[in-house]
Amino acid sequence: MDLCGRSQRGALREASRKQASPHRWSRVNGWSWPLHTFQAVAWTTLFILAFANFGIFVPLLPPNWNLVIYGVTGGLFCFHFVVHLLAISIDPAETNVRLKNYSEPVPTFDPSKHTHVIENQYCHLCEVTVNKKAKHCRACNKCVSDFDHHCKWLNNCVGGRNYRCFFGSLVSASASLLFLITILLYVFVRYSVNPEEARTHPLYEDVSKDTWLLFLPLFPVKTKTLVVLGIGVFVLLLSALSLLLLGHLLIFHLFLMFKKLSTYEYVTQNRCQKTPEVPAGRKELSFKISMPQSEVQPSAAGRALRSTLLHQHVRGGLVGDGNSQQPDFVCPQRTREQGVPVAIR
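Residues numbered from 1 in each chain as written. Predicted model: local features only at pLDDT ≥ 70, side-chain atom pairs only at ≥ 80, totals over all residues. Heavy atoms only, no water.

What about the overall build of the protein chain?
Convention followed: By the criteria applied, helices consist of DSSP H or I runs no shorter than four residues and strands consist of E runs no shorter than two, each listed in order from the N terminus. Burial here depends on accessible area, computed with a 1.4 Å probe over protein chains only, as a share of the maximum for the residue type. Under 20% is buried, over 50% is exposed, and the range in between is partly exposed. Only heavy atoms matter for contacts: two residues are in contact if any of them lie within 4.5 Å across the pair. Calculation of accessible area relied on Shrake-Rupley with a 1.4 Å probe; when residues are assessed, cover is drawn exclusively from the protein chains displayed.
Assigned secondary structure in the protein chain consists of nine helices and twelve strands. Burial statistics for the protein chain: of 345 residues in total, 34% are counted as buried. A sequence separation of at least 24 residues applies to 63% of the contacts in the protein chain between residues at least 6 apart. If you sum the accessible surface of the protein chain, you get close to 22000 Å²; carbon and sulfur atoms cover 63% of it.

Here it is, written out as structure tokens:
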């Protein structure tokens, strides 16, 4: 039985926190070094889906639909591009922090002098006064106004100054993905019923039936049917996965808005609710050690000693087993794992 597993894991986590020192300089926004891999993945996915939508699949729709779909998806893409860019570029720091010089290094927190980084609305690292909802972000190494969370996809903190842009990017991205999935499903159904209905552009009159044109009408590129179908399946899976992740995040933030909570407040409340209460009384772990039975019958003095020990088990810390001929000695020890007495034979 691992009696000290939890305490050991806690000690390792505490040691790792002490070894991992924060960056000496504060990050201004999502473009500040170091950049994050998730940030590159987000921008790459955005441009892949945009090229596939405008260059491959919208031209396969009926001609009278093209202008409408171009306008709707183009408007959503432009709106998402702007709010996504703003969410990354806006500095979400506290007003007093933004007035400081970011080129100056941030001091290292000394736990021997202060219990918390922010005490009495004063940050000992930023060395400025902050508001009640400000938190010092470990990744950005600065106090963020109305802190919500640190977003790795934006590589920037989300706070009061850029939360609306962040939420707008979630809504516009989810709507764009929903439109793109609908377009893809329509193209697949139309192709399975009659492939010729998707070849309505005038440039298809000069190519064979197994040849398709990409990036119409400006830069037509000839390719085979399997290539178009492969691109379509890949884009459909990528769009579905992205919509699943973004839709889940969007629903979560709608829930937070309904509850009037930030992500940080929600996490801290759940953490407090899951923390077990300290028991009022002392609970012990009992080790029961059974003594082997003797082949020789006990003497009268031995029987008297056995009777005396059995009557002292309550105040003396001994536990008797009604079926055994010898008492079981108990070694009490406190445990944090079970919190209840356990007998180990």
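Details of the sheet that holds strand 3 (residues 128-129)
We count it as follows: Strand pairing is assigned whenever DSSP detects at least two bridges linking the two strands.
Read across the open sheet, the three strands follow the order 1-2-3; overall the sheet is antiparallel. Unpaired on one side and paired on the other, strand 1 (118-119) and strand 3 mark the two borders of the sheet. The sheet contact formed by strand 1 and strand 2 (residues 122-123) spans two bridges and is antiparallel. Pairing of I118 across the sheet is with C123, part of strand 2.

Some points on the pairing of strand 9 (residues 221-224)
Relative to strand 9, strand 8 (residues 211-214) runs antiparallel, the two being bridged by four bridges. Residue pairing in the sheet places T211 in a bridge with K224 of strand 9. Once strand 8 ends, the chain turns through six residues before running back antiparallel as strand 9, passing F215 with a positive phi of about 60°.

Brief notes about the packing of aromatic side chains
Condition: Any two of the Phe, Tyr and Trp rings considered here, Trp counted by its six-membered ring, make a pair once their centres fall within 6.5 Å; the pair's planes then place it as stacked at under 30 degrees, edge-to-face at over 60, or tilted in between. Charges are assigned to positions over rings by a cutoff of 6 Å between ring centre and Lys NZ or Arg CZ, combined with an angular limit of 35 degrees from the ring normal.
Overall, the coordinates contain 14 aromatic pairs when judged by the stated rule. When the centroid spacing of 5.7 Å and the interplanar angle of 75° are considered together, the rings of W43 and F81 count as edge-to-face. Of this pair, W43 sits in helix 2 (residues 37-57) while F81 is found in helix 3 (residues 63-89), placing the two residues 38 residues apart along the sequence. The interplanar angle of 75° and the centroid separation of 5.9 Å between the aromatic rings of Y204 and W212 together place this pair among those described as edge-to-face. Each member of the aromatic cluster is reached from another via a ring pair, and the members are W31, W43, F47, F54, Y70, F77 and F81. The cationic tip of R199 hangs over the ring face of W212; the distance from NZ or CZ to the ring centre is 5.1 Å.

Quick look at the side chain of T223
Mapped onto the elements of the fold, T223 is located in strand 9. What makes T223 buried here is its relative accessible area of 13%. In contact with T223, not counting residues within four places along its chain, are D210, T211, W212, L214 and V228.

Topic: the environment of I251
Following the sequence through the fold, I251 ends up in helix 6 (residues 225-259). Residue I251 is classed as exposed on the basis of its relative accessible area, which comes to 58%. Distance in space between the C-alpha atoms of I251 and L170 is 9.9 Å, their sequence separation being 81 residues.

Remarks on the pattern of salt bridges
Stated formally: Counted as salt bridges are all cases of a side-chain nitrogen of Lys or Arg within 4 Å of a carboxyl oxygen of Asp or Glu.
With the rule as written, the count across this model stands at four salt bridges. Linking E197 and R190 is a salt bridge whose minimum nitrogen-to-oxygen distance equals 3.7 Å. Classification of R190 as buried rests on a relative accessible area of 11%. Its salt-bridge partner being K224, residue D210 comes within 3.7 Å of it at the nearest N-O pair. One end of the pair, D210, is in the loop between helix 5 (163-193) and strand 8; the other, K224, is in strand 9, with 14 residues separating them in the sequence.

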